[in-house]
Amino acid sequence: MKIRVFALIAVGILSVGGYFGVTRLGALRAHDRALRALRIQDWRTVRNELQTYLKVFPADESARLNLAEAFFKDARLDPERAVSSAIQQLGHVRRESALFPSARIQEARMFLFARMQPHRAESLLREALAADPESVDAHFVLWKLHDLTGRSHLTEPHFRKVLEATPAEQRPFRLREWYMSQFYPATANPEIDQLMGFLEPGAVQNAVMELRRLEAFRDREPKAALNHAAVARWYSLEGDPKAALLLLQKALDVADAPLQEPFFVATLTQVLFDLGEFESALKHYRAWPGDLLGYEYSRLGAILADEVERDYERAIRGYREVIAVWPGQADWRIQFRLARCLAKARDESAAETMRQRAKQVELLMEEDVHSPLRRMLATPDQLEICERMTQFYEQLGLVFETQHWRDQVNRLQRESDRMGRSRTQ
């Protein structure tokens, strides 16, 4: 009797083992089919096969990332359901995993491009960079996010990381993107604006389209002070500080801790200054949240020291800090302010030098300078435009950009010389 019981148990164990063996083999085959489907972007097959595979191997985080991509990119699915399903898969990737940065970047793309929630997307990108400071993908998306939210002055460190990882022959295209980000940030990313539905294919980008995008961000994320500040900044730059102030005052009642957001405080301080409410502007500036540094902090501090506090020495120091960093090198208005401040401080020689430099930069910002550059940048890997861009940046005094465009000139000249020699042989 005992022998029979043991025999039955053994058969049961073998049967269970055989079942799991078959299940495991089937799951692995499903995984192989999913990878083949992934290569040809057959998203439905990827989803079906990976869901089968993950029932047996639920801890495979790489498969979770692939499944998230399949949900997100399958145009046949309801968009909101697709994004929610993708985010759910990404939530399985643990913080200590090597794939954690990739998961957060994928999630950030979904919050930015599909849900139009840049504040949440930026938080996710910061998490990715905290885990992997060299992540080129995270730096790239953050660069674009700053452009899209009216903060292109913050993008330079991220652009440089992206450029470092770009092959030499592709760098002219990346440098073209950077030029647009520097001088035309509101319309620098037409493909992204088309993706999000703000721009029809073939349509021309304009300021109204930019406002629609910023308002959509605010409406999708009404608690984020950043988004309210971006809309108010648009009205401020369009010459309507009264409308900007009304928007900022409303945001004080609805946004989460708006006075802890540097971009919000910078916008509010500028608007108050423009409206002549100098004491209020000083009060908000003196309560600046976070680190007391950066382009906006230095710029506003210099203007207030100059125009309100009449502390010209401090203003001169601040202005010099501003014009030493981007976008201060191209900000001829700030440079003229510095010239006037130097004159007030009775340093007429330095004031005249600064006036001449400011006028030179002002002329470089004329549309008749940039229009032919933009036209030629349709093909940025040609020798003539690389030479023109080298000259432009050299006149502007931007050493980094000058050197990289010059590198492209040298590369293209070497290639031309090699081709010439090969034809004569």
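Note that the structure is predicted; figures quoted are calculated from it, not measured.

1. Examining the packing of helix H14 (residues 262-274) against helix H15 (residues 278-286)
Item 1. Where H14 meets H15, the axes come as close as 8 Å, and the angle between the chain directions of the two elements is 165°. Put simply, H14 runs roughly antiparallel to H15. When you trace H14 past H15, the crossing you get is left-handed. Every residue of H15 that contacts H14 at Val-265, Leu-268, Thr-269, Leu-272 and Phe-273 is listed here: Phe-278, Ser-280, Ala-281, His-284 and Tyr-285.
Item 2. Among the residues making up the contact of H14 with H15, the classes are represented as seven nonpolar, three polar and no charged.

2. Notes on helix H6 (residues 118-131)
Item 1. Here H6 is 14 residues long and its end C-alpha atoms lie 20 Å apart, about the 20 Å a rise of 1.5 Å per residue gives.
Item 2. Of the positions making up H6, those classed as buried are Pro-118, Ala-121, Glu-122, Leu-124, Leu-125, Ala-128 and Leu-129. End-on, the buried residues of H6 take up no more than an arc of 160°, which puts them together on one face.
Item 3. Turning to H6, the residues buried within the fold contact helix H5 (100-114), helix H7 (136-148), helix H11 (207-220) and helix H12 (225-237).

3. Regarding the confidence of the model for the protein
Item 1. On average, residues of the protein carry a pLDDT of 92, and 93% of them reach 70 or more.
Item 2. In this model, residues 5-20 is a region of pLDDT below 50 whose contacts with residues beyond four sequence positions or in other chains number zero contacts.

4. Regarding the packing of aromatic side chains
Item 1. Applying the stated criterion across every chain yields a total of 18 aromatic pairs.
Item 2. Here Phe-392 and Tyr-393 contribute two aromatic rings whose centre-to-centre distance is 5.2 Å and whose plane-to-plane angle is 70°, an arrangement assigned as edge-to-face.
Item 3. Residue Phe-392 is classed as buried on the basis of its relative accessible area of 3%.
Item 4. For Tyr-393, a relative accessible area of 0% gives the class buried.
Item 5. Cluster of aromatic residues (ring-pair linked, three or more members): Tyr-179, Phe-183, Tyr-184, Trp-326, Phe-392 and Tyr-393.

Rules of the game
Residues numbered from 1 in each chain as written. Predicted model: local features only at pLDDT ≥ 70, side-chain atom pairs only at ≥ 80, totals over all residues. Heavy atoms only, no water. Axes fitted to C-alpha atoms, helices over the stretch in contact; angles between N-to-C directions. Helix = DSSP H or I, 4+ residues; strand = E, 2+ residues; numbered from the N terminus. Parallel < 35°, antiparallel > 145°, perpendicular 65-115°, else oblique. Left-handed = near helix turned anticlockwise from the far one by under 90°. Contact = heavy atoms within 4.5 Å. Nonpolar A, V, L, I, M, F, W, Y, C, P; charged D, E, K, R; others polar. Expected span 1.5 Å × (residues − 1). Buried < 20%, exposed > 50% of the residue type's maximum accessible area, 1.4 Å probe, protein only. Arc of directions from axis to C-beta. pLDDT = per-residue confidence, 0-100. Phe/Tyr/Trp six-rings, centres within 6.5 Å; stacked < 30°, edge-to-face > 60°.

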